[in-house]
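Okay, here's what each chain looks like letter by letter:
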Amino acid sequence: MENFDMIVEHLEEYNEDELFYKKYYELQDDPEKLDRFIEDFGMEKIKERSLIVPHLQIYPIENNMPYENISIPEQRMFNDKMSGRDAFLCKHNRYSPVYLHTHNYFELFYVMTGQCRQTISNEDMTLNAGELCFIAPYTLHSLEVFDDSIIINILIRISTFDDIFFNLLRSKNILSLFFMDSLYASRQMDYLIFHAHGDEDIYTGILSMMLEQMADDEYTNRIIYNLLSVFFTKLVRKYGKTASYSMKHKNTDTHLQDIISYIYDHYQSVTLNELAEHFHFTTAYCSRLIKSQTGRNFKDLLKDIRLRKAQNMLLTTNAKISDISSHLGYENKESFNRLFKQHYGISPGAYRENAASAKMHA
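What counts and what doesn't
Residues numbered from 1 in each chain as written. Predicted model: local features only at pLDDT ≥ 70, side-chain atom pairs only at ≥ 80, totals over all residues. Heavy atoms only, no water. Salt bridge = Lys/Arg side-chain N within 4 Å of Asp/Glu carboxyl O. Helix = DSSP H or I, 4+ residues; strand = E, 2+ residues; numbered from the N terminus. Buried < 20%, exposed > 50% of the residue type's maximum accessible area, 1.4 Å probe, protein only. Pairing = 2+ DSSP bridges.

Caption draft 1: Just the pattern of salt bridges, in detail. Going through the model one piece at a time under the given rule, you end up with 11 salt bridges. Salt-bridge contacts for Lys234 lead to Asp201; the nearest nitrogen and oxygen are separated by 3.3 Å. Note that Lys234 is positioned in helix 9 (residues 220-239) and Asp201 in helix 8 (residues 200-215), a separation of 33 residues in sequence. Using a relative accessible area of 29% as the deciding quantity, one classes Lys234 as partly exposed. Asp201 sits in the partly exposed class, given a relative accessible area of 30%. For Arg296, the salt bridge is made with Asp304, and the minimal N-O distance between the two is 2.3 Å. Under the relative-accessibility criterion, Arg296 is labelled buried at 19%. Taken together, the salt bridges that share partners define one network made up of Asp199, Asp201, Lys234 and Lys238.

Right under this line is the structure:
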């Protein structure tokens, strides 16, 4: 508990970025003082610390996207802040400017103390202490905290999610449905909220992961995702039946999780005929079911699963590209290279080199 107290005290303290944002927020109604504050603080320092300054059009990343739809890529977040991690935790900076954005990784907000306001796909809501909100990749959202409330963010790579949490996906519950829909279904939930008010077990679970992250050694990554697996399981056990989710969601066919699991287990050689036979479907019905639930035909779904496996292997192993191609079930390296480049816009070799370079300079 002493270590937990240390983490809580650290979270309660205002860091340098929060002090900047708090002053920025307080000067919003006085443009002259605000400009003077920015000038005294220094543009180089603002850019060096990647601070957000909306009235100067300075956003989290350099791009040409409109302010209302900023896209933050997984590679930047995980290479810059927590290189080599499949998931990491951080405090949401209090008083930071509100901006609508999307990203291609999973995000979980936990309200440790106080409350926060969120906008998710044009739906406004308030989350109170003890509540947790999962946000699906590519969902437009924003978060605002303009007081002393403490909000913890957990970010999880989509590129390694399958390998790490696939056993979770096999179970039939609201959380596995959320993740499965986010990864494969065409009609996904935008968000999923668990109402864990006053739950000490959930509270200490978050602190345990933050404490492990501070250890930062060769075992940290594996321990954190094991802690996450236990954490998710406890959430479902206690609050799965009372969770809230985006109302636009339509029920996914109960067979989809089983179908995805089978393809995942046999991705090297599975065929549509084999899949249909396993589930006692006709081939035509199986094909229609996959198309209606995922928006993709069988070949495209299999390709997506294989390429996500390839992406993970490129990031986490030193295997030769020809060996990765063979492992995934492709007849030759050239076919794999072509498909990978079509999907990600970059060759497998360049993808690995870019990731290694970003990690080295993080």
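What follows picks up the thread again.
Caption draft 2: Representation of the sheet that holds strand 4 (residues 106-113) within the structure. As summarised here, the arrangement of the six strands in space is 2-9-4-7-10-11, forming an open sheet in which the pairing is antiparallel. Each edge of the sheet is formed by a strand with only one pairing partner; in this case those strands are strand 2 (87-91) and strand 11 (244-245). Pairing between strand 4 and strand 9 (residues 150-156): seven bridges, direction antiparallel. Among the inter-strand pairings, Glu107 is bridged to a residue of strand 9, identified as Leu155.

Purely spatial values, then, with no claim about function.
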